[in-house]
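Descriptive analysis of the structure
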Amino acid sequence: MLNVTNINVYYGNIHALHDMTFHVDDGEIVSLIGANGAGKSTTLKTISGLLRSRTGDIEFDGHSISRTEPDVIVRQGLTHVPEGRRIFLSMTVEENLDMGAFTVREGRKKSLDDVYDRFPRLAERRSQIAGTLSGGEQQMLAMGRALMIRPKMMMLDEPSMGLAPILVSQIMDIVVELNKSGTTVLLVEQNARLALKISHRSYVVESGRIVLTDTAENLLNNEQVKRAYLGG
Amino acid sequence: MRENRKSFFGRTILNTCLCLAFFLIVEYMIGAKILNRYYTNILNLVLIYVIAAVSLNLTCGYLGQLPLGHAGFMSIGAYTAAIITTRFSIPDLGPISGEAVLFLLATIAGGILAMVAGIVIGLPALRLKGDYLAIITLAFGEIIRVLVQNIKITGGAMGMGGIGRYTGFGWGFFWTIMVVAFTFLLVNSRHGRAIKSVREDEIAAESVGINLTYYKIVAFAGAAFFAGVSGSLFAHHICYLEPGNFGYNMSIEMLVMVVLGGLGSISGSIISATVLTIVPEVLQTFASWKMIIYSLLLVVVMIFKPSGLMGDYELSAARLVRKVFRKKEETPKLPENYTEGEETDE
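Computed from a predicted structure; not experimentally measured.

Quick notes on the overall build of chain B
Summing up its helical and strand segments, chain B has 13 helices and zero strands in all. Helices and strands appear in chain B in the N-to-C order α-α-α-α-α-α-α-α-α-α-α-α-α. For a compact globule of 346 residues, the expected C-alpha radius of gyration is about 20 Å, and chain B comes in at 20 Å, within 12% of that figure. Expressed as lengths along the three principal axes of its C-alpha atoms, the size of chain B is roughly 65 × 55 × 50 Å.

Structure follows, in C-alpha cells:
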C-alpha cells in the first residue's frame, strides 16, 4: 500500500532522513520506533506532504505522491494524525469532525455517525468546545477527525503522548479495532513496548536511518532492542 | 449547530428591514438638513473606514495573518477609480445617471485591480509565516506609494485633482452592506471554516486536507478587493489624491481599528472604525491633545480588553428579537458560534 524508497529529507542544511526505505502492506499495522529526534515524525510529515524529500520516491496505492500537495494526498485516502493532536481548539467537537471531512462532498453524515459509534465519548460532547476536552478525548477527536474521510491508511504520530496509562491502552485498543475493520496503520511511537505489542512489523529508526526491521514479535525479543528501547 | 432555513430567512428579512430603515432615516435627515454637510462628511468617512476595516478583519481576524499594506490596496483602488472617472464619461440612460454607472464601474475596477495586486503579492508572501508577511506587505505599501509618486498618470508628487465628488451616503452605505454581507457569508460558509482553521492551526488544517495557499489567497484577495473599493470611495470623497494619503500610517490605523474592535468580529470592526473616525474629528478643537487621547484610548482598551472591544462576538438583531419575545418560553441554548452581524449600529 505504501512504498517509501530512499527518501532524503533536509531541514535547511541538516540532513534529517538518510535513504529511508520501508513499506507498509495492505491491512498491516507497522510501527516506527526510536528515540526522540530520530526522525520518525519527519518521516510521517514527508509522507503526508508537509515536508518534501530531495530524492527518492513515495508511492501510495500505486501512485507516486512524493510531489503531491498535502490536500490531494488526503483525498487519495491517506490521513495523518499529527503529533500533539492539533485539533482546532476553539471549534466544537462536531465542527472539528466536519473539518476532517472537508475534502469529501458526500457521505459526511454517515462518516459522522460511524465516528460517533466508535467514540461514544465524542457523541456526548459534540457541541462542546474542543479545547475543553481532556487529553484522551482530544486524541480521540484527532483520530475521529482523520477517520471522517474513511481513509485507506492512517498515520498516527505519538498517539500515547501525554496520556494516562489507562487512556493509552484505550487508544491502542482503538487502533487495533480500526485496523481490524480494514484501515492500514502506520504508527510512530516513542513507547516502543506499546507499539510493538500491537504492530505486525516494525522499523527501528536511529538518527534518520532505519537500523533494524523485523516482525514485532521478534523485535520484542531482540536483545539489542530490549537494551536500547524496552528498558532491559 | 446549523440553523434551519426558516430562521435564516427570518434573520435576512429582519436585517434587510433594519438596514433599509437606517438608510431611509439617515437619507431623510440629510435631506431635511438635520445632518449638515459637516456631519454628512464625517458619516461618509466613517463608512469608508468601516469598509476598509471590515475587509482587513478578514485577513487579520479570520485568516490570522498580519498584513501591514492595506493602504497600498486602497491606493490602487483610489487611483484606478479616479483615473477612470476623470477620463471617461457615460451618457445618462433615461432615469439612470451615467455618472452613477461610471462611478460604480470605476469602483469595481479599482477593487478588481487591488484584488489582482493582492493575488500577485499574496502568492509569494502568504507562503511565509508571521513577521515575513508583515514585512512584505509593508514593503508593498511603500512601493505603491513611491510608484504613484513617480508615474505620470497619477499626477506624481503633485497629486491628482479634479475628481468628481461622487461618494455620498448612498454609495458608502451600499458598499458597507456589500462588504459586511460578503464577509459574513464567507466566514460562515464551509470555506470560512477552512479559513478559520488555518488561523487555528496550519499543520492541522493541512493534515485534514485544506489547501492552505488557496484559502489564504481567497481571504487576502477578498480583503484587497474591498480595500480597493474603499479607496475609490475615499478618492471621490476628498476629490484630491496625493501619494501621501495612503502611507504606512493609514495601514497602521486600519490595523488599530481591527484589533481594537476585536479580531474576528465584524460588528467590532464597524464600531471601532466608527469611534476611531469620529473621535479625532470631535477632538479637532484640541488638536494638540488629539494624538494623546487617541493613544490613551488604545492603551486603556488593550489593558482592560485585550481581545478587543467585541472579542469575536457579533451583535445580532435576530438574537435581540429572540431575547425580547421568547424570554419566558425557553432558556437560551448553547451559545451559537456564529450569529448575524448587524449593520445598522453606527
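Focus on the overall build of chain A
Secondary structure assignment for chain A yields 10 helices and 10 strands. Taking 232 residues into account, the globule formula puts the C-alpha radius of gyration at 17 Å, and chain A, at 17 Å, falls close to it. A burial count over chain A gives 47% of its 232 residues as buried. Contacts in chain A between residues at least 24 apart in sequence constitute 66% of all its contacts with a sequence separation of at least 6.

Some words on the sheet that holds strand E1 (residues 2-11) of chain A
Residues and elements named next belong to chain A. Strand order in the open sheet made by the four strands is E2-E1-E4-E5, with antiparallel pairing throughout. Across the chains shown, the open sheet's two edge strands, defined by having one partner strand only, are strand E2 (14-24) and strand E5 (63-64). Lying over the sheet, helix H1 (residues 40-47) contacts E1, E2 and strand E4 (55-60), oriented at roughly 70° with respect to E2.

Examining the pairing of strand E3 (residues 29-33) of chain A
Residues and elements named next belong to chain A. Where burial is concerned, most of E3 is hidden: five out of the five residues are buried. One ladder, built from four bridges, connects E3 with strand E9 (residues 201-206); its direction is parallel. Its bridge partner being in E9, Ile33 is matched across the sheet by Val204.

Examining unusual backbone geometry
Residues and elements named next belong to chain A. The phi angle at Asn6 is positive, at roughly 50°, despite the residue not being glycine. With respect to the helices and strands, Asn6 occurs in strand E1. Residue classification places Asn6 among the partly exposed residues on the basis of 13 C-beta atoms within 10 Å. Phi at Arg150 takes a positive value of approximately 50°, unusual for a residue other than glycine. By the secondary structure assignment, Arg150 is in the loop between helix H6 (135-147) and strand E7 (153-157).

A word on the pairing of E9 of chain A
Residues and elements named next belong to chain A. The buried fraction of E9 amounts to five of the six residues, a majority that puts the element mostly inside the structure. The pairing of E9 with strand E10 (residues 209-215) spans six bridges and is antiparallel. Among the inter-strand pairings, Tyr203 is bridged to a residue of E10, identified as Thr213. Between E9 and E10, which pair antiparallel one after the other, the connecting turn spans two residues, and Ser207 there sits at a positive phi close to 45°.

A few points about the packing of helix H4 (residues 98-125) of chain B against helix H9 (residues 212-238) of chain B
Residues and elements named next belong to chain B. With their axes 7 Å apart at the nearest point, H4 and H9 run at an angle of 140° to one another. Classified by the angle their axes make, H4 and H9 are oblique. Of the two elements, H4 crosses H9, and the hand of that crossing is right-handed. Looking at the contact of H4 with H9 residue by residue, the class counts come to 18 nonpolar, nine polar and one charged.

Notes on the sheet that holds E7 of chain A
Residues and elements named next belong to chain A. Spatially, six strands are ordered E6-E7-E8-E3-E9-E10 in an open sheet, and the strand pairing comes out mixed. The open sheet has two edge strands with one neighbour each: strand E6 (78-81) and E10. Each neighbouring strand pair of the sheet contributes to a mean axis angle of 15°, computed without reference to strand direction. Two elements, E3 and strand E8 (residues 184-189), share five bridges in a ladder whose sense is parallel. Counterpart to Ile29 in the pairing with E8 is Val185. Packed on one face of the sheet, helix H7 (residues 165-180) meets E3, E7 and E8 and runs near 155° to E8.

Structural notes on the interface of chain A and chain B
Each partner contributes residues to the interface: chain A has 22 residues there, and chain B has 16 residues. Sorting the residues of the side of chain A that touches chain B by element identifies helix H2 (70-75) and helix H3 (93-100) of chain A as the ones contributing at least two each. For the side of chain A that touches chain B, the element with the highest residue contribution is H2 of chain A, accounting for four residues.

Examining the nonpolar core
All names here are of chain B. Within the largest apolar cluster, 148 residues are counted, with the highest numbers of intra-cluster contacts made by Ile51, Ala53 and Ala224. If one sorts the elements of this core by residue count, helix H2 (residues 37-62) sits on top with 15 residues. If sequence neighbours within four positions are ignored, Ala53 has contacts with Met254, Met257, Val258, Gly261, Ser269 and Ala273.

Here's the deal with the environment of Asn57 of chain B
Residue and element names in this part refer to chain B. Locating Asn57 in the fold gives a position in helix H2. For Asn57, a count of 31 C-beta atoms within 10 Å translates into the label buried. A C-alpha to C-alpha distance of 8.9 Å links Asn57 and Thr183, two positions 126 residues apart in sequence. Leave out the neighbours within four places in its chain, and Asn57 touches Tyr62, Val258, Ile266 and Ser269.

Focus: helix H6 (residues 169-187) of chain B
Its 19 residues give H6 of chain B an end-to-end C-alpha distance of 27 Å, which sits within 8% of 27 Å, the value for a rise of 1.5 Å per residue. Of the residues making up H6 of chain B, those classed as buried are Trp171, Gly172, Phe173, Trp175, Thr176, Val179, Val180, Thr183, Phe184 and Val187 of chain B.

A closer look at the confidence of the model for chain B
Residues and elements named next belong to chain B. Confidence along chain B averages 86 in pLDDT terms, with 92% of residues attaining 70 or more. In the model, residues 329-346 has pLDDT below 50 throughout and makes 41 contacts with residues more than four positions away in sequence or in other chains. With pTM at 0.85, the complex prediction returns an ipTM value of 0.82.

Brief notes about the environment of Asn179 of chain A
Residues and elements named next belong to chain A. Position of Asn179 relative to the elements: it lies in helix H7. Counting along the chain gives 138 residues from Asn179 to Ser41, while the straight-line C-alpha distance between them is 21 Å. Leaving out residues up to four positions away in the same chain, Asn179 has contacts with Ile29 and Val185.

Let's talk about the packing of helix H10 (residues 248-261) of chain B against helix H11 (residues 266-282) of chain B
Residues and elements named next belong to chain B. Closest axis-to-axis distance for the H10/H11 pair is 7 Å, and the angle between their directions is 125°. The orientation of H10 with respect to H11, classified from their angle, is oblique. For H10 against H11, the interelement crossing comes out right-handed. Taking contact as the criterion, the partners of Val256, Met257, Val258, Leu260 and Gly261 in H10 are, on H11, Gly268, Ser269, Ile271, Ser272, Ala273 and Leu276.

Analysis parameters
- Residues numbered from 1 in each chain as written.
- Chains lettered and ligands numbered in written order.
- Predicted model: local features only at pLDDT ≥ 70, side-chain atom pairs only at ≥ 80, totals over all residues.
- Helix = DSSP H or I, 4+ residues; strand = E, 2+ residues; numbered from the N terminus.
- Rg over C-alpha atoms; globule rule 2.2 N^0.38 Å.
- Buried ≥ 20, exposed ≤ 12 C-beta atoms within 10 Å, placed from the backbone.
- Contact = placed C-beta atoms within 7 Å.
- Pairing = 2+ DSSP bridges.
- Axes fitted to C-alpha atoms, helices over the stretch in contact; angles between N-to-C directions.
- Parallel < 35°, antiparallel > 145°, perpendicular 65-115°, else oblique.
- Left-handed = near helix turned anticlockwise from the far one by under 90°.
- Nonpolar A, V, L, I, M, F, W, Y, C, P; charged D, E, K, R; others polar.
- Core = buried A, V, L, I, M, F, W, Y, C linked by C-beta atoms within 7 Å.
- Expected span 1.5 Å × (residues − 1).
- pLDDT = per-residue confidence, 0-100.

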